[in-house]
Amino acid sequence: MVSPYENLGDERFWRSGVAKVNPGKVRNIHRPRWAISESDTIVTMGSCFAQHIASVLRERGLKVPFFDTTDNIKSQTYSANYGNIYTVSQALQLIEEVSEKRPVMDEFWPLEDGYVDAVRPNVFAQPVKSKDELSGLRTKHLAAVRRAIDELDVLVFTLGLTEAWILKNSGRTLPVAPGVVAGQFDPELHRFHNFTHGEILADLDALCREIKALRGGREFKLILTVSPVPLTATYEDQHVLKSTTYSKAVLRVVAEEFVRNNEYADYFPSFELVNNPAAKGAYFEANMRSVRPEAVDVVMSHFLAAYLPGATAMKAKADGSSRASTKSKSMDADCEEEMIEGYEGELNINAFAGENLSVMFGDSHLTATYHNMVERPEAAGFGFAPIRLLANNPIQELGVHGFRTFIFKKEHSNFRDFFVADPQDLVIVGMGFFGDNIVRAHGDMRPEIEQRPREELTPVLPKVTEVTQELVRFYALKLQNNINLAARLEKFTAYKRLFWIVSPDMTETAARFRLGDEFVDGGFYKTHKAAYKIAFDMWADKLARTQFILHPWDQLCADNGFTKDDYDTGNLGNIHCTPAYFDPSLDELLRLQQS
C-alpha cells in the first residue's frame, strides 16, 4: 500500500518538524517568494511587534529610513510618527488622508500640559502645547508618510488586532480606547467594533491599491506578519483567551488568503515561531504576553536567512563599528494596548519599593528568580536590583553606601532608583557560586552565537572520574575572591541577615550544545561539582552571617549532574533556567526569613 505521505520532507510531519526540533532553528518553515536587496528601502508599519522588526533591521545595517520629524518624539521605531497601527482599517484611513480622499484628522485629546493626537496618542514625549501646533505637526506627518510610500521598495506590515474603537462622527478607527492614554470615553461619541475576516480582507486590498496609486502605479513588495502578542484585554463579553484566539485566527487567515491571491505579497511566520509549542512558553515573559528578546532574535534570524541570505546580518555600520553581535538589545516596545491594564507597575519592578526593604541583588540569574518571586505576596517587601541594569556598582561602593543605593541606567528609566533607609534582608542571587561558575573556573564562557564554534563559546573541562586533592585545591583557589566578597558584605552592610542563592547548573540540552555529548554522558560534571562542593564548604565555614541556599540538586538535576530539561528555556546554548527552577530555593528563603 502506497501512502501519499511517503517521501515528504521532515517539515511536513509534526514529530520531525516540531517536536524533535530546536525551536530556535526550525528548518524550512518559510520559503520566500522573493529576496530583499540590500539597496531596497524598507518601510515598517503595524502593531507593537513591528517595532522589534524595524529596530533589528536597522541594527543589521539595512535601509530602514525615518522620514518624519524627530522633535519631541519618544522614538524613531517606525518609518514615520504614526505609532502603533493595530488594525488594517487604521492604516487604510491614514493612507486615504495622505491621498486626500479623507479629511485630515483633527481629533485632539487634552492633557494637563497640552494635547495629543487621538490617532497617535503615544508618539510624543511631551504633550503638544496647542491644537494649532498639533495640527501643523499632523500636516508634516502626512507629508512624511507620502515620502515613505513613494520611496519604499518593501513594506513590512504586522497585523495586530481585530478589536477597535471608532469615532462615530467621522468613522475614524482609533489605536486605543479613549480614556486609556488620554481623552474621555463617551458612548455617545465612541463605539466598539470587532472587525470580521471579510472586512479586514477588503481593507487590506484597498490599502494596497491606495499605496500603489500614490506611487503612480509602481509595484512594491509586501511582507505580512501576524503579531504573536496576545490581547491585553477584550471588550467582548467573553474570556480574553477566546478573544485572543479569534483575533489571531482571523488575522492569520486574512494574511494567508491575501498572499495566495497576490504575487507581490508574502507571509512571514513570526506568529508561528514565537508560539511554537516546542518552546514550551519560554519565548514569553512571566506575564505570558510580552515577547522575550530571545524570541525576537529567533524571528529575525529566520527573517534574515529567508529574505537576505548570506552575511547581511553581520554587515558593519556606516561608521565602521562592528555588528558582530546579533542579539537584540531591548524588547521594551511602546505599546498603548498595555496601558489598558496599567502595566506601568509591572514594568517598574521597584514600583512597590519603600524605605524599609529587603533587597534582592544579582546577575543574569536574578531575572528568573524575580519572575518567580514577584508572583508571591512577600515580593511587596523587596526591591530588585539586577546588576547589569544599574548605573552604579553597589559592590564597589560598599564602604561608602553600604549596599543601600541603587541607581538604574538611563535606558532603563522604567525602573525606579531607590535607597534603603532601614535595611532588612539582603539576598544575593548567583554572582559567582556553583552552576556556570564551575565552568567559568576553567576559562571564559560566552553567550551562544551561531557563527562561533563550540570551542570559542565554552572552556574545555577535564574529563575527571574521581575527586582529587588537586581538583579540590583548584576550585578552592577559584572560590577565594567570591568568599572575600561575601566577607566584605558581612562587614560593610547593615542588613539584618544575608542570604545567598547560588547559581543553577545549565540544562542537559545546553550542556550538550556547549560541552558535547561525550562529556555529558560520561558523568564528569558530577565529579567537578563534588570537588567544588568540598572547596566551597571549607570556605563557607569561615563566614559568620551569610546563609547559603543551595538548590535541591537531587530533585532538579539528572544523573549526569546537569539540570533536567524540564527547566530548559528553549533557547539552545542558554545557560539559564526557567523561573520554575527557583521554586524550592525561594521556598527555603522565605522559610529562613520567618524562622
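Before reading on, note that the structure itself is shown above.
Residues numbered from 1 in each chain as written. Predicted model: local features only at pLDDT ≥ 70, side-chain atom pairs only at ≥ 80, totals over all residues. Heavy atoms only, no water.

Undergrad: How should I be thinking about the pattern of salt bridges in this particular structure?
TA: Where charged atoms of side chains with opposite charge meet at close range, the side chains can pair. Using the criterion set out here, one finds 26 salt bridges in the structure. One salt bridge in this structure joins Asp436 and Arg440, with 2.9 Å as the shortest N-O distance. Of this pair, Asp436 and Arg440 both sit in helix α12 (residues 436-440), four residues apart, which is roughly one turn of that helix. Linked through salt bridges whose partners overlap, the residues forming this network are Glu97, Asp117, Arg120, Arg138 and Arg172. (Salt bridge = Lys/Arg side-chain N within 4 Å of Asp/Glu carboxyl O. Helix = DSSP H or I, 4+ residues; strand = E, 2+ residues; numbered from the N terminus.)

Undergrad: How do you make sense of the packing of aromatic side chains when you look at a structure like this?
TA: What characterises a pair of aromatic rings is the spacing of the ring centres plus the angle enclosed by the ring planes. The final tally for this structure, using the stated rule, is 30 aromatic pairs. Relative to Tyr235, the ring of Phe192 has its centre 5.1 Å away and its plane inclined at 50 degrees; by these criteria the two rings are tilted. Linking Phe192 in strand β7 (residues 190-194) with Tyr235 in the loop between β8 (221-226) and α6 (240-261), this pair joins segments that are 43 residues apart in sequence. On the accessibility criterion, Tyr235 (52% relative accessible area) is exposed. (Phe/Tyr/Trp six-rings, centres within 6.5 Å; stacked < 30°, edge-to-face > 60°. Buried < 20%, exposed > 50% of the residue type's maximum accessible area, 1.4 Å probe, protein only.)

Undergrad: Would you take a moment to explain the state of the cysteines for this structure?
TA: Formally, a disulfide is one covalent bond, and it connects the sulfur atom of one cysteine to the sulfur atom of another. Inspection of every chain in the model, using the stated rule, returns zero disulfides. Free cysteine Cys557: the closest other cysteine sulfur is in Cys577, separated by 8.2 Å. On the basis of relative accessible area, Cys557 is assigned to the buried category, the value being 8%. (Disulfide = S-S within 2.5 Å.)

Undergrad: Looking at this structure, how should I read a nonpolar patch on the surface?
TA: A grouping of Val467, Ile534 and Met538 is seen on the molecular surface, where their side chains present a nonpolar patch of about 250 Å² in accessible area. Residue position: Ile534 is located in helix α17 (residues 524-540). (Patch = residues over 30% accessible without salt bridge, like charges linked within 9 Å, V, L, I, M, F, W, Y side chains within 5 Å. Areas by Shrake-Rupley, 256 points an atom, 1.4 Å probe, with all protein chains shown as cover.)

Undergrad: When you look at the pairing of strand β2 (residues 108-111) in this model, what are you seeing that I'm missing?
TA: Strand direction decides the pairing type here: β2 and strand β3 (residues 114-117), joined by four bridges, are antiparallel. Each bridged residue has a counterpart across the sheet, and for Pro110 the counterpart in β3 is Tyr115. Following β2, the chain reverses through two residues before pairing antiparallel with β3. (Pairing = 2+ DSSP bridges.)

Undergrad: Sorry, what's going on with unusual backbone geometry here?
TA: Among all residues save glycine, negative phi is the norm, and among peptide bonds the norm is trans. In the Ramachandran plot, Asn28 falls in the positive-phi region, its phi being about 60 degrees despite a non-glycine side chain. Note on placement: Asn28 falls in the loop between α1 (14-19) and β1 (42-46). Taking the relative accessible area as the measure of exposure, Asn28 reaches 48% and is therefore partly exposed. Of note in this structure, Glu100 is not a glycine but carries a positive phi near 65 degrees. Within the element layout of this structure, Glu100 appears in the loop between α3 (88-98) and β2.

Undergrad: Please explain the nonpolar core as it appears in this structure.
TA: Across soluble globular proteins, you tend to see nonpolar side chains buried next to one another. Core analysis: the largest hydrophobic core is formed by 79 residues, its most contacted members being Met360, Phe361, Phe403, Phe406, Phe433, Leu489 and Trp500. At nine residues, the largest contribution of residues to this core is made by helix α14 (residues 469-492). Trp500 has contacts with Ile428, Gly430, Met431, Phe433, Leu485, Ala486, Leu489, Thr546, Gln547, Phe548 and Ile549, leaving out every residue within four places of it along the chain. Met45, Leu94, Ile95 and Leu251 belong to the second largest nonpolar core, which has 46 residues in total. (Core = buried A, V, L, I, M, F, W, Y, C linked by side-chain atoms within 4.5 Å. Contact = heavy atoms within 4.5 Å.)

Undergrad: Hey, could you run me through the sheet that holds strand β16 (residues 546-549) in this one?
TA: Paired through backbone hydrogen bonds, the strands of a sheet run either parallel or antiparallel to each other. In spatial order, the strands read β11-β10-β14-β15-β16; together these five strands make up an open sheet with parallel pairing. The open sheet has two edge strands, β11 (382-386) and β16, and neither has a second partner. Strand-to-strand twist in this sheet, taken as the mean axis angle between neighbours without regard to direction, amounts to 20 degrees. (Axes fitted to C-alpha atoms, helices over the stretch in contact; angles between N-to-C directions.)

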